[in-house]
Amino acid sequence: QPLTNDLFTTVFASGRSGLTPAGVKYLFDFLDQQAFENGIDDPEVVHTWKNNSVPLRFWVNIIKNPDFVFDIHKSTTVDACLSVIAQMFMDSCGSTKIRYSKDTPTTKLLYAKEVQQYRVAVKRYYNDVQAMPSILEGHMKDMLIKASTVHRGNSFQVESALYDIFYYAVRHSEAVSNALKEANQRALLKTFEDLLYMIEKCYEEHTTSV
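Residues numbered from 1 in each chain as written. Predicted model: local features only at pLDDT ≥ 70, side-chain atom pairs only at ≥ 80, totals over all residues. Heavy atoms only, no water.

Student: Teacher, can you tell me more about helix H8 (residues 112-131) here?
Tutor: For H8, built from 20 residues, the straight-helix expectation of 28 Å at 1.5 Å per residue is met to within 8% by its first-to-last C-alpha distance of 30 Å. Buried within H8 we find Glu 114, Val 115, Tyr 118, Arg 119, Ala 121, Val 122, Tyr 125, Tyr 126, Asp 128 and Val 129. (Helix = DSSP H or I, 4+ residues; strand = E, 2+ residues; numbered from the N terminus. Expected span 1.5 Å × (residues − 1). Buried < 20%, exposed > 50% of the residue type's maximum accessible area, 1.4 Å probe, protein only.)

This is the structure we're talking about:
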């Protein structure tokens, strides 16, 4: 139990301590803004968006598969234990009432009492992050550029990453452009078009040099 409490403290106490990554703050503010602009006033919808964007997409993967990050062997016993923790984590991020019965899996029953207090911690985390000062777009861009320079060299296969970005952008360019036009987001549309041009230009230069 102390280890589980430490896990939640580590993951969900950063909002109060001001240690939440700028990228998470920027993303959550974006989701809040999208809810406001689209007239979504149900807090559970935004709560679900935030759950799916960080805790359930990132942390559950790390909890369930530590071998993704660390060079370790995950035994069958350890895998079963981590599955219980991951299930508890997912239940704690949820908002709908959990109904327990004789058919409820053991993985849900083991932490049935603790889930409610963990849910309070999750909601408090989202509120704390929301109350943090906003991250300016320019500051976010500078941070991304700085982060990208750290991994220059042989850390990643730049060509493969560029190809995937190019493929995705071209495949969905019409839908994204139309959506930005309908939303009257001229600045974002211009940025997106410039991005498409830059990616295509870089791709052409790369294929020419190969």
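Picking up after the structure, the text goes on.
Student: Mind showing me how you'd approach the layout of surface pockets here?
Tutor: With a probe scaled to a water molecule rolled over the atoms, the places where space remains empty come into view. Roughly 1100 Å³ of volume is contained in the largest pocket. The wall of the largest pocket is formed by 23 residues, among which Tyr 26, Phe 30, Glu 137, Leu 188 and Thr 191 lie closest to the centre. In terms of residues, the lining of the largest pocket owes the most to one element, helix H3 (residues 22-37), which gives 8 residues. Looking at side-chain class alone, the lining of the largest pocket contains 13 nonpolar, 6 polar and 4 charged residues. (1 Å grid on protein atoms, 1.4 Å probe; cavity = no way out; pocket = protein on both sides within 12 Å on 5 of 7 lines; lining within 4 Å. Points joined across faces, edges and corners; volume = space filled by probe spheres on them. Nonpolar A, V, L, I, M, F, W, Y, C, P; charged D, E, K, R; others polar.)

Student: Explain the packing of aromatic side chains here, please?
Tutor: Two numbers describe a pair of aromatic rings. These are the distance of the centres and the angle of the planes. Within the structure shown, the criterion is met by 9 aromatic pairs. Between Phe 12 and Phe 89, the aromatic rings sit 5.5 Å apart at their centres with planes inclined by 25°, giving stacked as the arrangement. Here Phe 12 is found in helix H1 (residues 2-12), whereas its partner Phe 89 is found in helix H6 (residues 76-93), with 77 residues between them in sequence. The residues Phe 12 and Phe 89 share a single accessibility class, namely buried. An angle of 75° between the planes, with centres 5.3 Å apart, marks the rings of Phe 12 and Tyr 125 as edge-to-face. (Phe/Tyr/Trp six-rings, centres within 6.5 Å; stacked < 30°, edge-to-face > 60°.)

Student: Explanation requested: the packing of helix H5 (residues 55-64) against H6 in the structure shown.
Tutor: Helix packing for two helices is described by the angle between their axes and how far apart those axes are. Viewed as axis vectors pointing N to C, H5 and H6 meet at an angle of 160°, and their least axial separation amounts to 9 Å. Between H5 and H6, the interaxial angle falls into the category roughly antiparallel. Handedness of the crossing formed by H5 with H6: right-handed. Seen from H5, the contacting residues are Pro 55, Leu 56, Trp 59, Val 60, Ile 63 and Lys 64; seen from H6, they are Asp 79, Leu 82, Ser 83, Ile 85, Ala 86, Phe 89, Met 90 and Cys 93. Its residues assigned to classes, the contact of H5 with H6 comprises 11 nonpolar, 1 polar and 2 charged. (Axes fitted to C-alpha atoms, helices over the stretch in contact; angles between N-to-C directions. Parallel < 35°, antiparallel > 145°, perpendicular 65-115°, else oblique. Left-handed = near helix turned anticlockwise from the far one by under 90°. Contact = heavy atoms within 4.5 Å.)

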